[in-house]
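Listed here are the chains, written in short residue letters.
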Amino acid sequence: PHQTPTDHELDEAEDREERGMWANQAEFLLSCIGYCVGLGNVWRFPYLAYDNGGGSFIIPYLIMLTFCGIPLFMIELALGQFSGYGVITAWRASPIFKGIGYGMMVVSFLVAIYYNVIIAWSLFYMFASFQSVLPWTSSCGKDWNVNSCVQTNVMSNYYFTTFVIPSFKTNILRINKSEGIGDPGTVLWDLVLCLLLAWLIVFFCLIKGVKSSGKVVYFTATFPYIILIILLVRGCTLDGARRGIVFYVTPKWDKLRTAKVWKDAATQIFYSLGTSFGGLLTFASYNKFRNNIYRDTLIVAIGNCATSVFAGFVIFSVIGHMAYKLNLNVEDVVNQGPGLAFIIYPEAVSLLPAPQLWSILFFFMLLTLGLDSQFAMVETVITGFMDEFPKLLRPYKTLFTAGICTVCFLMGILMVTEGGLYWFELYNWYSAYYGLLINSLILSIVAAWGYGFFFTYKWRLVKDIKMMIGFNPNWYFRINWMFITPGLLLFVIIYSGINSVPISVGGYVYPKWADDLGLCMSVTCVALIPIYMVYRIIR
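Residues numbered from 1 in each chain as written. Predicted model: local features only at pLDDT ≥ 70, side-chain atom pairs only at ≥ 80, totals over all residues. Heavy atoms only, no water.

Visitor: Tell me what's going on with the side chain of Thr-380, and back it up with residues and numbers.
Guide: Residue placement: Thr-380 occurs in helix α15 (residues 355–388). Given a relative accessible area of 0%, Thr-380 falls into the buried group. Engagement of the side chain of Thr-380 in a polar contact is seen with the backbone nitrogen of Gly-279, the distance being 3.3 Å. Excluding its chain neighbours within four sequence positions, the residues that come into contact with Thr-380 are Val-87, Met-105, Ser-108, Phe-277, Gly-278, Gly-279 and Thr-282. (Helix = DSSP H or I, 4+ residues; strand = E, 2+ residues; numbered from the N terminus. Buried < 20%, exposed > 50% of the residue type's maximum accessible area, 1.4 Å probe, protein only. Polar contact = N/O pair within 3.5 Å; in protein donor to acceptor, adjacent residues only side chain to side chain. Contact = heavy atoms within 4.5 Å.)

Encoded structure:
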C-alpha cells in the first residue's frame, strides 16, 4: 500500500533511532574534532612542512583550506545529516552516484590499515617509556643508540643528537635487514603484538557504534591539547628555539613553483579535515535533523587547521634547539619522513622534568589522537555496509565489526616486518593520493551540479541545508561549490600528474612494479564510480 508522507517520516525517524544517534550535540562536535584533529596534525603536517621548506607549505595549505577544505566539509555534513544514512545509502536521491560512497569506503579502508600501524608504534614507545632511563636517551652504544648517535657533554648532561633517526628505522623497524620492498623479511613480533592490541582497542570501542565511541571522545578529543601546550611552553624556553620557529614561519617562495608543495598541501587538507574519506558524512548521519552544521563546519575546520599550525610550533621549537646544539642549519638537522614525530617529540619529552612520566603521557596522547580518527574510518566502512544491507548485517553488527578489524589486522602485518616500512610508505604515499583528489573533484561537481542542480532541481543542496538549519548558506559556499573548489582541485590533479615522480624514500627508489601497484591502489576508489554507474544502467 502507498505510504503517506507522515508514515514515511515516521519510518525515517524509527530507522534513525534503530541506527543509533548522538546523545547530545557535544558528542558529535567532539567526535568531529577528535576525527579531524589526529595524527595528521601532529605527525603528518610537521614533517610535510619540514620537507617543503616550512612557511612555504603553510601558504598553499591555507589556500586549500579556504577554497577546498571548508566547502567540502560542509557538503559531507549536509549529505550525511539530511539523509540520515552512511556513505552509500546517502546517495539514494541520486543512486547512480553511489560509486562515490563506495570510493570513500575504499579510501577509509586502505588508510585504516596503515594508520593503525602508527598507533602500534605509539604503543611500542609508550611501553618502552616504563623504564628507569628512556632508551633513546641512554649512552651511545646501548639499547636503541647502537652505532647511531653522537654524544656531547653540555652543562654536565648528555645530549643525544642524530641517534634517533637511524635508531627508529634500525632498532625498532629493523629496516636495515631488508633489501627493499620486495624483501619483507621476518615478522617483528613485538610490533605485531602492538598492532594486535591497537585493533582490539578499536574493536571494543566500536562494538556498540556511536553509543560507545561517543562517550570515549570526551577524553580523547581534549587530552592532546594539554600535552601539546606543555610541550610548546617547554620548547619555546630552549636555546635556539627561535631559529626553528623562524624557519617554520618564513616562506621559501621558490618552493611555491613546485607541484609537490601544492599536492602535499591538498592531500594534507584531506588527511587533516578527513574530507572525502566518508567519516564526516557517517558521523553527521547520526545527528538530529535540525543540527546546525554551518556552525559545526566553521568550528571544526578552523580549529583543526589551527591545531596543525600549533603542533608545527611545538616541533620546530625543538628542531631549532637541536640545530643550535649541533651548529647546523635547521633544514639539516633530521631527515624528513613519517618518523619525524618519533624523532623530535621523544627528544622534546626527554628535556622535561620526570621525562618517563611525560613520555608515557605523550605517547598515550598519540594513541588517543590516532584512535579518534581510526574510529571514524572503520565506522565509515561498517556503517556504509550496514545501511546498504540492513536486514543482512545489522543483527550481526558485533560479528561484522570483528570481521573488518581482523581483515585490516592481517593486511597490516606486512607493515610490521623487517621490510615493512617500505610497504608503509607505499600505503602512505598512494592510499589517499590521486584517487582521493579525483574522488573529491567528482564529489564537489556531483553535489553542486548533479544532485544540486541538473539531476533533481535547481539549488537542491542549498534548499536541503536551509530546511535543516533555517537559512541559506552564504555565497562563499555557493561560489566555491559551483566553481572554485572543483577548479582548484582540477588544477592540482593536472599539475601533480604532469610533474609526478616515482616514489622514493631516502636513497631508495621503488621498483616500477611497486610504483604501478601504488597507482592501482590510488585509483581504485575512482574506478568504482563508473563501474557502479554502468551496473546501475544495465540493471
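Now that the structure has been shown, the text picks up again.
Visitor: Residues and numbers for helix α11 (residues 259–273), please.
Guide: The terminal C-alpha atoms of α11 lie 21 Å apart, and with 15 residues this matches the ideal 21 Å at 1.5 Å per residue to within 8%. The buried fraction of α11 is high, at 14 of 15 residues. Following α11 by one or two positions, Gly-274 has its phi on the positive side, about 75°. (Expected span 1.5 Å × (residues − 1).)

Visitor: How would you summarise a nonpolar patch on the surface if you had to cite specific residues and measurements?
Guide: Together, Phe-127, Phe-130, Leu-193, Leu-196, Leu-197, Leu-200 and Phe-204 make up a nonpolar patch on the protein surface, roughly 680 Å² of accessible area in all. When residues of the nonpolar patch are assigned to their parent elements, the largest contribution, five residues, is made by helix α7 (residues 189–206). Among the residues examined, Leu-197 registers a relative accessible area of 31% and is labelled partly exposed. (Patch = residues over 30% accessible without salt bridge, like charges linked within 9 Å, V, L, I, M, F, W, Y side chains within 5 Å. Areas by Shrake-Rupley, 256 points an atom, 1.4 Å probe, with all protein chains shown as cover. Salt bridge = Lys/Arg side-chain N within 4 Å of Asp/Glu carboxyl O.)

Visitor: Requested: an account of the packing of helix α5 (residues 98–128) against α7, with residues and values cited.
Guide: Packing of α5 against α7 leaves a shortest axis separation of 8 Å and a crossing angle of 115°. Taken as axis vectors, α5 and α7 run roughly perpendicular relative to one another. Taken as a pair, α5 and α7 cross one another with a handedness that is right-handed. Taken together, the residues of α7 that come into contact with α5 (itself represented by Ala-112, Asn-116, Val-117, Ile-119, Ala-120, Trp-121, Leu-123, Phe-124 and Phe-127) are Asp-190, Leu-191, Cys-194, Leu-195, Leu-197, Ala-198, Trp-199 and Val-202. In terms of residue class, the contact of α5 with α7 is built from 15 nonpolar, one polar and one charged. (Axes fitted to C-alpha atoms, helices over the stretch in contact; angles between N-to-C directions. Parallel < 35°, antiparallel > 145°, perpendicular 65-115°, else oblique. Left-handed = near helix turned anticlockwise from the far one by under 90°. Nonpolar A, V, L, I, M, F, W, Y, C, P; charged D, E, K, R; others polar.)

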